[in-house]
Every structure is written in C-alpha cells, then in structure tokens.
Amino acid sequence: MTTLLAFAAASIALIVIPGPNGIYIMTRSAAQGYRAGLVSALGVETGTLAHIALAVLGVSALIAASPVAFTALKFAGAGYLLYLAARTMLRPSELDLGEGTAPLPLRRVFRDGVVVNVLNPKVALFFLAFLPQFVTSDAGTAGARAQMMLLGAVFFVLALVLDAGYAVAGGAARRWLGRRSGSAHRYGYAIGGVYLSLAAYTVAA
C-alpha cells in the first residue's frame, strides 16, 4: 500500500503539469466544446493503456533499443499531428462554432486521441522507465507484470480524471473567447497552429 500511494503521488505530480497530451486535450475542447474534450481525453488515455501493455510485454524495450523504430514512430506521430493541423485549417466547418455546420463526429475525436498518443514513442519510453521503479524486485516475471498492470490501471484512472479537468478548462476558454461573424477560419488557423507546435515538439524533443 505504501508503494501504491507513492506511485499515485508521483503520477499526480507528473500529470498535473500540462504536457503535450494536456495541451492537445485543451485545444480539442476549445475547438469543439468540453464534451469533445472529454472524449479526446478518453481516447488519449486509451492510448496510454496501449503503452502500458507494450511496456508489460517488453515491446517498449525493443523500441528503445532500436533508433530506427523510435525515429519512425516519432515521425509518424508528428505526421498525424500535421494532418490534424491541415484538416483543421482547411476545414474549419468541423469546428463546433455554433454556425449551423456539423462538427467533427465524437468517434473521430476519440480515434484522433488514441492515435496521437499511441504514435508518441516518448510515452512508451516513459512507462518503460517509470513503472519498474515501483515494482518489487523479488516478484518474479509474472508478479512484476501483474504489478505493472495494476500500476498502469491506477495511472490510467488518475490521468483520466485530471485530463477531464483540462477538457473543462478548454471548454471554459472556448466560451470566454466568444463567437464573431466570419471567425471560423481565424479560429481554425489558431487551433491548427497549436497542432503544428505539438508536431514540432514531437520531432525536436
């Protein structure tokens, strides 16, 4: 229990600092409202579950050991963010601006969240380095994997709750910005610019 509480405290400290995932969720929420932000948060953390499973199975270690695989995955993630930026800038009608147009379906919002997180190799390396620090050394292979799965589930719940806060914050910012006639394209470029920044961060970090 002491180890679990320490892990929870460390996880909260890491999650509460806005990183690329938090910025992505707030941006999506600012674009389509807090409901889309919540769905995006669920998608992002579903991707987190995938990374946890990869860490447990040892796939993350293979990615870490292969510069080619790491680089390919990193550029794939940046490429997807570039695709989101281009789609947002060229199709601002998908933003939920209350102008009578149909916003992006929530199932696609969920899918985008999953893909953005799964294609981030730094998340895979994070769990590869972070989870084992809280695993009992004498647990054996099966016991270590079970502990990592439990820790991963705790991280998922904490991250989802805190990401929901980012979604609500993004929704509040959206209401604060307000709406003006002809603002769709300007708003689309602003949102797309955030995606471009995240793509650049993914490549350069």
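Residues numbered from 1 in each chain as written. Predicted model: local features only at pLDDT ≥ 70, side-chain atom pairs only at ≥ 80, totals over all residues. Heavy atoms only, no water.

A.B. asks: Whenever I open this one, helix H3 (residues 34-57) confuses me. Can you help?
C.D. replies: Every α-helical turn comprises 3.6 residues, leaving residues that sit three or four positions apart pointing alike. With 24 residues, H3 should cover 34 Å at 1.5 Å per step; its first-to-last C-alpha distance of 35 Å lies within 8% of that length. Just past H3, the residue Gly58 takes up positive phi, approximately 90°. (Helix = DSSP H or I, 4+ residues; strand = E, 2+ residues; numbered from the N terminus. Expected span 1.5 Å × (residues − 1).)

A.B. asks: Explain the packing of aromatic side chains here, please?
C.D. replies: Any two aromatic rings considered together are summarised by their centre-to-centre distance and by the angle between their planes. Throughout the structure, instances matching the rule amount to ten aromatic pairs. The interplanar angle of 45° and the centroid separation of 5.5 Å between the aromatic rings of Tyr80 and Tyr83 together place this pair among those described as tilted. Remark: Tyr83 and Tyr80 occur in helix H5 (residues 67-90); sequence separation between them is three residues, near one turn of the helix. Take Tyr80: its relative accessible area is 15%, and that puts it in the buried class. Judged by its relative accessible area of 36%, Tyr83 is partly exposed. (Phe/Tyr/Trp six-rings, centres within 6.5 Å; stacked < 30°, edge-to-face > 60°. Buried < 20%, exposed > 50% of the residue type's maximum accessible area, 1.4 Å probe, protein only.)

A.B. asks: In this structure, what is going on with the pattern of salt bridges? I would like to understand it.
C.D. replies: Going through the model one piece at a time under the given rule, you end up with three salt bridges. The shortest N-O distance in the salt bridge between Asp112 and Arg28 comes to 2.9 Å. Separated by 84 residues along the polypeptide, Asp112 in helix H6 (residues 106-118) and Arg28 in helix H2 (residues 20-32) bring together distant segments of the chain. The exposure classification of Asp112 matches that of Arg28, with both residues buried. Note that Asp112 and Arg87 form a salt bridge whose closest N and O atoms lie 2.6 Å from each other. Linking Asp112 in helix H6 with Arg87 in helix H5, this pair joins segments that are 25 residues apart in sequence. (Salt bridge = Lys/Arg side-chain N within 4 Å of Asp/Glu carboxyl O.)

A.B. asks: What is the right way to read the nonpolar core from this model?
C.D. replies: As a rule of thumb, nonpolar side chains are buried together in soluble globular proteins. Formed by 21 residues in total, the largest nonpolar core has its most connected members in Tyr24, Ile25, Leu81, Leu84, Val116 and Tyr195. When residues of this core are traced back to their parent elements, those giving at least two are H2, H3, H5, helix H8 (140-177) and helix H9 (184-204). The element best represented in this core is H5, accounting for six residues. What Leu84 contacts, discounting residues up to four positions off in sequence, is Tyr24, Arg28, Asp112, Val116 and Tyr195. (Core = buried A, V, L, I, M, F, W, Y, C linked by side-chain atoms within 4.5 Å. Contact = heavy atoms within 4.5 Å.)

A.B. asks: Would you mind showing me how to read a nonpolar patch on the surface here?
C.D. replies: On the surface, Ile12, Val16 and Ile17 cluster together into a nonpolar patch covering about 270 Å² of accessible area. For Ile17, the location among the structural elements is in the loop between helix H1 (2-16) and H2. (Patch = residues over 30% accessible without salt bridge, like charges linked within 9 Å, V, L, I, M, F, W, Y side chains within 5 Å. Areas by Shrake-Rupley, 256 points an atom, 1.4 Å probe, with all protein chains shown as cover.)

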